Amino acid sequence: MSRDSRPTASSRTGRVTIEADRANLTFERILRHPPAAVWRALPQPQELGSWYMAKATIDGHPGSSIEMHTGPSQFHVTGRILVWDPPRTFEHEWRVAPRPELPEGEDAVIRWELEPVPEGTRLVLTHRRLTRTTALGFAPGTHALLDRLEAHLDRTPMPAFGERYQEVLGSYPPMPRP
């Protein structure tokens, strides 16, 4: 893909897979940067602070802990690192205690897989075992965050999260109405 030809929102849309009361999100992106550059943007707190809007403490090895406050809602995420294989795979628990917008809390797993490709890096992000409602709300948010990651790596202005969320919202299944 040339530098000037950006994929459309629909070609970058993630998948929401719902199984009973749980759901998974899967996103795949081709990033024009080598895996080592993409890797640096994932577990390094200073990098995450920029595009993921997170304040994070990450002790980089399997079994160690991860703690962050992330996103516009500043979710307090805790967990253990399950896979640490730089610059290929970073997987960790994603636990959030119940709060008004997440009444059930979350006990999920997020996995970042990087694969070198001629264009740069194929990133596959899988967020598993989310509650159905959270997955439906997070799908456009994850899309917006990955757009911010790409801009961060490209050193171009990052899209405003809320605006980008609204732009891609219609590409995902709607949230259930109360």
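Colleague: Got a minute to help me understand the overall build of the protein in this structure?
Modeller: Within the protein one finds 4 helices and 8 strands. Going residue by residue from the N terminus, the α and β elements of the protein occur as β-β-α-α-β-β-β-β-β-β-α-α. For the protein, whose C-alpha radius of gyration is 15 Å, the value lies close to the compact-globule estimate of 16 Å for 178 residues. A principal-axis box enclosing the C-alpha atoms of the protein has dimensions of 45 × 40 × 25 Å. Of the roughly 9000 Å² that the protein leaves accessible, carbon and sulfur atoms contribute 52%. Both charge centroids of the protein, one from 22 positive and one from 22 negative side chains, sit 2 Å from each other.

Colleague: In this structure, what is going on with the sheet that holds strand S2 (residues 22–31)? I would like to understand it.
Modeller: The strands that make up a sheet are held in pairs by hydrogen bonds between backbone atoms, and each pair lies either parallel or antiparallel. With antiparallel pairing, 8 strands are arranged side by side in an open sheet as S1-S2-S8-S7-S6-S5-S4-S3. Two strands lie at the open edges of the sheet, namely strand S1 (15–19) and strand S3 (54–58), each paired on one side alone. The sheet shows a mean angle of 20° between the axes of neighbouring strands, direction not considered. Taken together, the 5 bridges between strand S5 (residues 75–85) and strand S6 (residues 89–96) define a ladder with antiparallel strand orientation. When the bridges of S6 are listed, Asp 85 appears paired with Thr 89. Of the strands in this sheet, S1, S2, S5, S6, strand S7 (106–117) and strand S8 (120–131) are in contact with helix H3 (residues 132–154), which crosses S2 at around 15°.

Colleague: What should I look at first to understand the nonpolar core in this one?
Modeller: Side chains of a nonpolar character, in soluble globular proteins, are inclined to be buried together. In terms of nonpolar packing, the biggest core is built from 42 residues, with Trp 51, Tyr 52, Phe 90, Trp 94, Trp 112 and Leu 149 touching the most fellow members. Per element, the largest residue contribution to this core is 8 residues, and it comes from H3. Sequence-distant contacts of Trp 112, defined by excluding residues within four places in its chain, comprise Leu 42, Trp 51, Tyr 52, Arg 88, Thr 89, Phe 90, His 92, Leu 123, Val 124, Leu 125 and Leu 146.

Colleague: For this particular structure, what's the right way to read the packing of aromatic side chains?
Modeller: The geometry of two aromatic rings is summed up by the distance between their centres and the angle between their planes. For the structure on display, the rule yields 11 aromatic pairs. Taking 6.1 Å as the distance between ring centres and 65° as the angle between the ring planes, the aromatic pair formed by Trp 39 and Phe 90 counts as edge-to-face. One end of the pair, Trp 39, is in helix H1 (residues 35–41); the other, Phe 90, is in strand S6, with 51 residues separating them in the sequence. We note that Trp 39, like Phe 90, is buried.

Colleague: So what exactly am I meant to see when it comes to helix H4 (residues 161–168) here?
Modeller: Think of an α-helix as turning once every 3.6 residues; residues three or four places apart then point the same way. Those residues of H4 that sit buried are Phe 161, Arg 164, Tyr 165 and Val 168. For H4, the angular spread of buried residues about the axis comes to 105°, placing them on one side. The exposed residues of H4 that point more than 90 degrees off its buried face are Glu 163, Gln 166 and Glu 167. Contacts made by the buried residues of H4 are with H3.

Colleague: Whenever I open this one, the environment of Gly 170 confuses me. Can you help?
Modeller: Locating Gly 170 in the fold gives a position in the segment after H4. Residue Gly 170 is classed as exposed on the basis of its relative accessible area of 75%. In sequence terms Gly 170 and Leu 48 are 122 residues apart; their C-alpha atoms lie 27 Å from each other.

Colleague: Sorry if this is basic, but what is going on with the side chain of Thr 26 here?
Modeller: Its location among the elements puts Thr 26 in strand S2. Using a relative accessible area of 16% as the deciding quantity, one classes Thr 26 as buried. Ignoring any residue separated from it by four or fewer positions in sequence, one finds Thr 26 in contact with Gly 14, Arg 15, Val 124, Leu 125 and Thr 126.

Colleague: Which parts of the structure should I look at to understand unusual backbone geometry?
Modeller: The bulk of non-glycine residues show a negative phi, and the bulk of peptide bonds are trans. Cis geometry marks the peptide bond from Pro 86 to Pro 87; its omega dihedral reads -10°. By secondary structure assignment, the location of Pro 87 is in the loop between S5 and S6. With phi around 55°, Arg 155 is a residue other than glycine that occupies positive phi space. If you trace the backbone, Arg 155 turns up in the loop between H3 and H4.

Basis of the calculations
- Residues numbered from 1 in each chain as written.
- Predicted model: local features only at pLDDT ≥ 70, side-chain atom pairs only at ≥ 80, totals over all residues.
- Heavy atoms only, no water.
- Helix = DSSP H or I, 4+ residues; strand = E, 2+ residues; numbered from the N terminus.
- Rg over C-alpha atoms; globule rule 2.2 N^0.38 Å.
- Areas by Shrake-Rupley, 256 points an atom, 1.4 Å probe, with all protein chains shown as cover.
- Lys, Arg positive; Asp, Glu negative; His and termini not counted.
- Charge placed at Lys NZ, Arg CZ, Asp CG, Glu CD.
- Pairing = 2+ DSSP bridges.
- Axes fitted to C-alpha atoms, helices over the stretch in contact; angles between N-to-C directions.
- Contact = heavy atoms within 4.5 Å.
- Core = buried A, V, L, I, M, F, W, Y, C linked by side-chain atoms within 4.5 Å.
- Buried < 20%, exposed > 50% of the residue type's maximum accessible area, 1.4 Å probe, protein only.
- Phe/Tyr/Trp six-rings, centres within 6.5 Å; stacked < 30°, edge-to-face > 60°.
- Arc of directions from axis to C-beta.

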